[in-house]
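# Structural features, examined
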Amino acid sequence: MCLSVKYKGFEETGDVDKPRSGRPRKTTAREDLLLVQKSKASPFSTAAELHQAWSPQVPVSTRTVCRILSQNGLHGPISAQKPALNKRQLKKRVAFAKAHSLLKGWTLEKWQKVDFSDESSVELHHSRRKYCRRPTGARMDPRFTQTTVKFGGGKIMVWGYIQYGGVRNICRVEGNINSLKYQEVLATSSIPNHKRGQILQQDGAPWHTSISTSKFLKAKKMKVLQDWPAQSPDMNIIEHVWGRMKEETWKTKPKNLDELWEAWKTAFFAFPDDFIHKLYESLSNCMDAVLQAHGSHTRY
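Every value quoted in this text rests on a predicted model; they were computed, and no experiment measured them. (Residues numbered from 1 in each chain as written. Predicted model: local features only at pLDDT ≥ 70, side-chain atom pairs only at ≥ 80, totals over all residues. Heavy atoms only, no water.)

## Considering the overall build of the protein chain
Along the protein chain, the regular secondary structure elements total 13 helices and five strands. For the protein chain, buried positions account for 37% of its 300 residues. The long-range fraction of contacts in the protein chain, counting pairs at least 24 apart against all pairs at least 6 apart in sequence, stands at 74%. For the protein chain, the exposed area adds up to about 20,000 Å²; of that, 53% sits on carbon and sulfur atoms. (Helix = DSSP H or I, 4+ residues; strand = E, 2+ residues; numbered from the N terminus. Buried < 20%, exposed > 50% of the residue type's maximum accessible area, 1.4 Å probe, protein only. Contact = heavy atoms within 4.5 Å. Areas by Shrake-Rupley, 256 points an atom, 1.4 Å probe, with all protein chains shown as cover.)

Rendered as structure tokens:
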């Protein structure tokens, strides 16, 4: 008669349980489930806060809390920051996405006629969070600290636009921007390259939509993409250009605002046309994503 596996193990070791590597778990599956539920109910709570609200039978460390959450697919990356959207803005985003979807005839060929534009600002010394591996007790060691400069050391404001064929331009804007200054920017940086039949995309900033600017655009026979929804950077493909430019600019470590501007220009004109073409090709998917999200922000 064949002996069972457990009986064989008992004969060999005197115990029915196989030896296991590592120390035994301190928490039960039920306790883990409770922790996961608490984290899902309060996603912005820190591990320490969850640890305090959780009460397992055996005391555990905050690191154990992090490990349990990670094992259940709940990691702790930095949350994305997006503009707040009210109900009216959500409806407008949905309406725009529907009107400019592939089903409504907005193919790549039609999107190619749109010039995407926007303003952006960049600080001389950025203050993004950086991770650092250091020995215990060395937090304030100058080798492991990130220096900061008050108000970012100054910043510059720029306006730029991109076209599908690779044509692009950028302009440094001195001081506060208003309707007249915006019109000057268009006259020097956009109109000379504006082709017949092209459509200018701009957001709802006051200097973009003022009566003065509307009359200026009409006099120059420049068509504008209508009903652009507020708080929608994810729908403006030039935002991806700004993001890449900042990364490239900071790599050069400019020492003053003039060097920052030169680095910004160099990065802007160095982007391959293929990068911009791919951004245009993503627009149909972006509109679909807005519809699927019911107007909420998308990964674009």
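Read on for the rest.
## Let's talk about the side chain of histidine 208
Here histidine 208 shows up in helix α8 (residues 206-209). In this structure histidine 208 touches Glu119, Tyr182, Gln202, Asp203 and Thr213, once residues within four positions along its chain are discounted.

## Brief notes about the environment of leucine 279
Structurally, leucine 279 can be placed in helix α12 (residues 273-281). Overall, the relative accessible area of 9% leaves leucine 279 in the buried class. As for leucine 279 and asparagine 236, which are separated by 43 residues in sequence, their C-alpha atoms are 9.5 Å apart. In this structure, leucine 279 is in contact with Ile237, His240 and Val241, ignoring residues within four places of it in sequence.

## Considering the pattern of salt bridges
One pass over the structure, following the stated rule, counts seven salt bridges. Between aspartate 273 and arginine 168 there is a salt bridge; the shortest N-O distance is 2.7 Å. Of this pair, aspartate 273 sits in helix α12 while arginine 168 sits in strand β3 (residues 168-173); the two residues are 105 residues apart in sequence, bridging distant segments of the chain. A relative accessible area of 9% places arginine 168 in the buried class. (Salt bridge = Lys/Arg side-chain N within 4 Å of Asp/Glu carboxyl O.)

## Observations concerning a positive patch on the surface
A contiguous patch of positive charge, built from Lys110, Lys113, Arg196, Lys221 and Lys223, is present on the exposed surface. Its place among the elements puts lysine 221 in the loop between α9 (211-219) and β5 (223-224). (Patch = residues over 30% accessible without salt bridge, like charges linked within 9 Å, V, L, I, M, F, W, Y side chains within 5 Å. Lys, Arg positive; Asp, Glu negative; His and termini not counted. Charge placed at Lys NZ, Arg CZ, Asp CG, Glu CD.)

## Some words on unusual backbone geometry
Unusually for a residue other than glycine, lysine 221 sits at a positive phi of about 60 degrees. Residue class for lysine 221 comes out exposed when judged on its relative accessible area of 75%. The phi dihedral of histidine 294 is positive, around 55 degrees, even though this residue is not glycine. Relative to the assigned elements, histidine 294 resides in the segment after α13 (283-292).

## Concerning the nonpolar core
A general trend in soluble globular proteins is that nonpolar side chains are found buried together. Core analysis: the largest hydrophobic core is formed by 39 residues, its most contacted members being Trp111, Phe116, Ile162, Val241, Met245 and Tyr280. Excluding its chain neighbours within four sequence positions, the residues that come into contact with methionine 245 are Ile170, Trp264, Ala267, Phe268 and Phe271. Trp159, Tyr161, Tyr182 and Leu200 belong to the second largest nonpolar core, which has twelve residues in total. (Core = buried A, V, L, I, M, F, W, Y, C linked by side-chain atoms within 4.5 Å.)

## A word on the sheet that holds strand β1 (residues 114-123)
Two modes of strand pairing occur in sheets, parallel and antiparallel, and in both the strands are linked by backbone hydrogen bonds. Pairing within the open sheet is mixed, and its five strands lie in the order β3-β2-β1-β4-β5. At either end of the open sheet lies a strand with only one pairing partner, and these are β3 and β5. Sheet topology note: the β1/strand β2 (residues 155-162) ladder contains eight bridges and is antiparallel. What sits directly across from valine 122, in β2, is isoleucine 156. Relative to the sheet, helix α10 (residues 238-251) contacts β1, β2 and β3, its axis offset from that of β1 by approximately 35 degrees. (Pairing = 2+ DSSP bridges. Axes fitted to C-alpha atoms, helices over the stretch in contact; angles between N-to-C directions.)

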